[in-house]
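Working through the structure, step by step
Spelled out from the first residue to the last, the chains are:
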Amino acid sequence: MDGELFPRERTEIAPGAVHLPDWLGPRRQCELLDACRAWARPPAGLRTVRTPGGGTMTARQVCLGLHWYPYGYAPTAVDGDGAPVKPMPAWLAELGRRAVTAAYGTPPPPADAYDIALVNFYGGDSRMGMHRDAEERSPAPVVSLSLGDSCLFRFGNTASRGRPYRDVELRSGDLFVFGGPSRLAYHGVPRVLPGTAPPDLGLTGRLNITLRVGGLGA
């Protein structure tokens, strides 16, 4: 996958948590959006996530590499159509490595191969409650890429869902990486800002692509 990366001002939100605005240029955003649309098609396409308590998440999701469900991973879409999960593309795994290098100034160890992607689609009234990405065995940083509408992203602490936390506006093309002491910090999306997507992107709503190293073996 070709396209530009535009490294911009780096802001450390918390120890190990880094925000890089406008990291993806317009062409790369369009390419990534096209890929997301292909991944969203069946089989193992975009689905509504149901929680163990019987509720549903307002953001819809498609997975690559392994299928995430509350709260674990499986090789098939166990709470979808049961089909095998689409593979994690090598170019997307490489994008994860480049993102970590941009955030921290050094590349991740070769063993930290990004092998899972969760793609969440947020409509204008969608949100994500405070949670931790704790189903992986690897401590490798989580890479988050934003497309479309901006959102209010709340990044908290590792002890609880409450304060202290910091609110950051994530816009289309932004990169957010969190690892090290912030790897298990609670975070969420309390609000999407409808109508803020770049007009040329052709997306209504927000897409968030999170890349992870599972460390789960075969």
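As a reminder, the structure under discussion sits directly above these lines.
Owing to the predicted nature of the structure, the values given are computational and were not obtained by experimental measurement.

Another aspect to go through is the overall build of the chain. When helices and strands are tallied, the chain shows 2 helices and 14 strands. What you see for the chain is a C-alpha radius of gyration of 16 Å, in line with the 17 Å of a compact globule of 218 residues. With respect to the three principal axes, the spread of C-alpha positions in the chain is 45 × 40 × 35 Å. Buried positions account for 52% of the 218 residues belonging to the chain. Positive and negative side-chain charges of the chain, numbering 24 and 21 respectively, have mean locations separated by a distance of 5 Å.

Moving on to the sheet that holds strand β7 (residues 116–122). Across the sheet, which stays open at both edges, the 8 strands sit in the order β1-β2-β12-β9-β14-β7-β4-β3 with antiparallel pairing between neighbours. Unpaired on one side and paired on the other, β1 (11–14) and β3 (47–50) mark the two borders of the sheet. Across the sheet, the axes of successive neighbouring strands diverge by a mean angle of 30 degrees, strand direction being ignored. Relative to β7, strand β4 (residues 56–64) is paired through 5 bridges, and the arrangement is antiparallel. Bridge pairing in β7 places Leu64 opposite Ala117. Along the sheet, helix α2 (residues 90–104) contacts β2 (17–20), β4, β7, β9 (142–148), β12 (175–178) and β14 (206–212); its crossing angle with β12, the most-contacted strand, is approximately 80 degrees.

Rules used in this analysis
Residues numbered from 1 in each chain as written. Predicted model: local features only at pLDDT ≥ 70, side-chain atom pairs only at ≥ 80, totals over all residues. Heavy atoms only, no water. Helix = DSSP H or I, 4+ residues; strand = E, 2+ residues; numbered from the N terminus. Rg over C-alpha atoms; globule rule 2.2 N^0.38 Å. Buried < 20%, exposed > 50% of the residue type's maximum accessible area, 1.4 Å probe, protein only. Lys, Arg positive; Asp, Glu negative; His and termini not counted. Charge placed at Lys NZ, Arg CZ, Asp CG, Glu CD. Pairing = 2+ DSSP bridges. Axes fitted to C-alpha atoms, helices over the stretch in contact; angles between N-to-C directions. Contact = heavy atoms within 4.5 Å.

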